[in-house]
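One-letter residues, chain by chain:
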Amino acid sequence: MKNAIIAILMVFTFIGADAQQSTAAAAARKNIAPFRIQQANGIFYTASDLKKGTPVMIVYFDPDCDHCSVFTADLLKNINAFANVQIVMVTYVPLQTLKNYIAKTKLTQYPAIKTGTEGTNFIIRYHYNVVQFPYLALHDKNGNLFATYESEVPGAMQLAEMFKKK
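This is a predicted model, so every value here is computed, not measured.

Caption draft 1: Main features of the overall build of the chain. Along its length, the chain carries five helices and seven strands. The linear arrangement of helices and strands in the chain, starting from the amino end, is α-β-β-β-α-β-α-β-α-β-β-α. When the 166 residues of the chain are sorted by exposure, 40% land in the buried category. Long-range pairs, those at least 24 residues apart, make up 69% of the contacts in the chain with a sequence separation of at least 6.

Caption draft 2: Molecular detail of the sheet that holds strand β7 (residues 145-150). Strand order across the open sheet formed by seven strands is β2-β1-β5-β4-β3-β6-β7, with mixed pairing between neighbours. Of all the strands in the sheet, the pair left with one neighbour each is β2 (44-46) and β7. Sheet twist, expressed as the average angle between the axes of neighbouring strands with direction ignored, equals 30°. Of the pairings in the sheet, the one linking strand β1 (residues 36-39) to β2 comprises three bridges and is antiparallel in character. Along β2, the bridge assignment pairs Arg36 with Thr46.

Caption draft 3: Representation of the packing of aromatic side chains. This structure, assessed with the given rule, holds eight aromatic pairs. Taken together, a centroid distance of 5.8 Å and an interplanar angle of 40° make the contact between Tyr128 and Tyr135 tilted. Taking the relative accessible area as the measure of exposure, Tyr128 reaches 5% and is therefore buried. Through a chain of ring-to-ring contacts, the aromatic side chains of Tyr60, Tyr92, Phe122, Tyr126 and Phe133 assemble into a single cluster. Its guanidinium or amino end placed over the ring of Tyr92, Arg125 lies 5.1 Å from that ring's centre, counting from NZ or CZ.

Caption draft 4: Broad picture of the nonpolar core. In terms of nonpolar packing, the biggest core is built from 44 residues, with Phe35, Met57, Ile58, Phe82 and Ile87 touching the most fellow members. Sorting the residues of this core by element identifies β3 (56-60), α2 (66-77), β4 (86-91), α3 (95-105), β6 (135-139) and α5 (156-165) as the ones contributing at least two each. In this structure, Ile58 is in contact with Ile32, Phe35, Val88, Val90, Ile124, Tyr128, Tyr135, Leu136 and Ala137, ignoring residues within four places of it in sequence.

Caption draft 5: Main features of α5. Listed in full, the buried residues belonging to α5 are Ala156, Leu159, Ala160, Met162 and Phe163. Within α5, the buried residues cover an arc of 155° as seen down the axis, which keeps them to one side. Counted as exposed and oriented over 90 degrees from the buried face of α5: Lys164 and Lys165. At its buried positions, α5 is contacted by β3, α2, β6 and β7.

Caption draft 6: Fine view of α2. The terminal C-alpha atoms of α2, which comprises 12 residues, lie 17 Å apart, in line with the 16 Å expected from a rise of 1.5 Å per residue. The complete set of buried residues in α2 reads Cys68, Phe71, Thr72, Leu75 and Leu76. Buried residues along α2 cover an arc of 130° about the axis, so they all sit on one side. In α2, the exposed positions that point more than 90 degrees away from the buried face belong to Asp66, Val70 and Lys77. Contacts from the buried residues of α2 go to β3, β4, α3, β5 (113-117), β6 and α5.

Caption draft 7: Expanded view of the environment of Ala40. Residue position: Ala40 is located in the loop between β1 and β2. Note: C-alpha distance between Ala40 and Leu98 (58 residues apart in sequence) is 6.9 Å. If sequence neighbours within four positions are ignored, Ala40 has contacts with Leu95, Leu98, Lys99, Ile102 and Thr115.

Caption draft 8: Fine view of the pattern of salt bridges. For the structure shown, the criterion picks out one salt bridge. A salt bridge links Glu161 to Lys164; the nearest nitrogen and oxygen atoms lie 3.4 Å apart. Of the two residues, Glu161 and Lys164 are both situated in helix α5; the distance of three residues between them amounts to about one turn of the helix.

Cut-offs and rules
Residues numbered from 1 in each chain as written. Predicted model: local features only at pLDDT ≥ 70, side-chain atom pairs only at ≥ 80, totals over all residues. Heavy atoms only, no water. Helix = DSSP H or I, 4+ residues; strand = E, 2+ residues; numbered from the N terminus. Buried < 20%, exposed > 50% of the residue type's maximum accessible area, 1.4 Å probe, protein only. Contact = heavy atoms within 4.5 Å. Pairing = 2+ DSSP bridges. Axes fitted to C-alpha atoms, helices over the stretch in contact; angles between N-to-C directions. Phe/Tyr/Trp six-rings, centres within 6.5 Å; stacked < 30°, edge-to-face > 60°. Lys NZ or Arg CZ within 6 Å of the ring centre and 35° of its normal. Core = buried A, V, L, I, M, F, W, Y, C linked by side-chain atoms within 4.5 Å. Arc of directions from axis to C-beta. Expected span 1.5 Å × (residues − 1). Salt bridge = Lys/Arg side-chain N within 4 Å of Asp/Glu carboxyl O.

Set out below in structure tokens:
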């Protein structure tokens, strides 16, 4: 009986510890991921390079993803609506694959969009629990997460309107 009570107490202790970790992890995800990406030019861009007081949209994508290509085209078509939003496009693919995608989509014509690879460190991927692409994390001017989208994402103009309200 005594062993059974101890076992039950241990289970509740582990459950409580796990819940605290989950709560802490969820709270951490409300902030911008502490990322470090390598851009096509070889220069690293980090979360600390973001301008303070400006909203941020993190786009996690895969160059082979059709939804990602459609989203990128829509974003670029409506880029003027994001004049006051910092856009960071992140992937995990090797640098050469990223360079090919940038050339294909003509992202070099949009220097305000920071595009890079996090490689296999998956800081962003784990921070936001990214499972499907594209993944969008929208942060207000204070860096607080206010919306996420995965796979089926809103159109660029709808996203721009969301940022205007924040």
